[in-house]
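Here is how the chains run, residue by residue.
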Amino acid sequence: RYIGGDGLDADVVELPDGTQVCLGSKTVFHYENDYGRKERIVYLEGEAYFDVVHDENNKFIVNTGTVNVLVHGTSFSVTDYPTDSFISVALEKGSVSVETSREHDLLTRLVPGQKLLIAKSDISWNVSAFDAEAYNIWMLNKLQFKGESLYDVFRKIERWYGVKIRLENENPSYSYWFTLKTESLTEMLNLINQITPIDYKINGEEVTIRYK
C-alpha cells in the first residue's frame, strides 16, 4: 500500500514486473501479493501515471472501484479521487479499454491522444483530445491551470499543499491561468491575490480565503 505525498514531490513506485507508477498527491495505491501470477491488478484512489511493461500472458488492470482500465501495453494516466464527480483516463501511448468495475460493461477503447471523462453519477462519458505534456505536468512537480474554474483550482490546490480551504464571498464565474512550481502556500495565496483580490488566514492545515 502506497500513499502519494504532497504535490511538491511526486512518488514513483516500481512494480514487480518493472512497470513504473508515478503517484499524484494524496493518492492511495496498492496491489495484492498474487500480482503477476495470472493478472496484474492494481487498485487506485487518486491520480497516477502508468508506464506498463508489456506482457501478453498477464493482463494489466487498474481498478478504481468504479471502472477498470484494461491495458494493452501502454503509457497513460488515471484520475479518480473520492471527492471528484468525474473520472478521467488519458492515453499517451499504446491502447486501453475502459469498463465498469462491477458489471464489466465496456465503455470505450482509447487511442493515443484521447482523454475519457466519466461522470460518476450515471457513468455517462465523452472522449476528447488532450495535450499529454500539459496534462501530465504534475509529474514534473508542477501544477498548471488553463482557464479552470475557481472550485476546480482550489480542490487541486488543497491536495497539492495538504490543506483544507474554506472560501467566502467567492464568485463562481472566476477562472484562472497560472502555474505552480516551488511556491510555498503563502506565495501561492499572494499570487491568487494579484489575480483576484483576497484576504486569507492560515491556521495550521486550515486556510480561509475571503474575496474582496
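Anything mentioned here points back to the structure above.
Residues numbered from 1 in each chain as written. Predicted model: local features only at pLDDT ≥ 70, side-chain atom pairs only at ≥ 80, totals over all residues. Heavy atoms only, no water.

Enquirer: I'm lost on the nonpolar core in this one. Help?
Expert: Across soluble globular proteins, nonpolar side chains have a tendency to be buried as a group. Core analysis: the biggest nonpolar cluster contains 27 residues, and F29, F50, F60, V62, V69 and F76 have the highest contact counts within it. For this core, the element with the most residues is strand β5 (residues 40-51), which contributes four residues. Once residues within four sequence positions are removed from consideration, F50 is found in contact with Q20, V21, F29, V42, L44, F60, V62, T74, S75, F76 and V78. (Core = buried A, V, L, I, M, F, W, Y, C linked by side-chain atoms within 4.5 Å. Buried < 20%, exposed > 50% of the residue type's maximum accessible area, 1.4 Å probe, protein only. Helix = DSSP H or I, 4+ residues; strand = E, 2+ residues; numbered from the N terminus. Contact = heavy atoms within 4.5 Å.)

Enquirer: What's the story with the sheet that holds strand β18 (residues 206-211) in this structure? I'm lost.
Expert: The strands making up a sheet are joined through hydrogen bonds of the backbone, oriented either antiparallel or parallel. Pairing is mixed across the open sheet formed by three strands, whose spatial order is β15-β18-β17. Of all strands in the sheet, those with a lone pairing partner are β15 (164-168) and β17 (198-203), marking the two edges. For this sheet, the mean angle separating the axes of adjacent strands, direction not counted, is 15°. The sheet contact formed by β15 and β18 spans five bridges and is parallel. Of the residues in β18, the one forming a bridge with R166 is T208. Of the strands in this sheet, β15 and β18 are in contact with helix α2 (residues 150-161), which crosses β15 at around 155°. Where helix α3 (residues 185-195) meets the sheet, its contacts fall on β17 and β18, and the angle it forms with β17 comes to roughly 165°. (Pairing = 2+ DSSP bridges. Axes fitted to C-alpha atoms, helices over the stretch in contact; angles between N-to-C directions.)

Enquirer: Sorry if this is basic, but what is going on with α3 here?
Expert: Listed in full, the buried residues belonging to α3 are L185, M188, L189 and I192. Looking straight down α3, one finds its buried side chains confined to an arc of 100°; they lie on one side. (Arc of directions from axis to C-beta.)

Enquirer: What exactly am I supposed to notice about the environment of Y49 here?
Expert: Tracing the sequence through the fold places Y49 in strand β5. For the pair Y49 and N136, spaced 87 residues apart in the sequence, the C-alpha separation amounts to 7.8 Å. Apart from residues lying up to four places away in sequence, Y49 is in contact with Q20, V21, C22, S75, F76, S77, E92, N136, W138 and M139. Side-chain polar atoms of Y49 contact the side chain of E92, separated by 2.8 Å. (Polar contact = N/O pair within 3.5 Å; in protein donor to acceptor, adjacent residues only side chain to side chain.)

Scope: geometric values only; no functional claims are made or implied.
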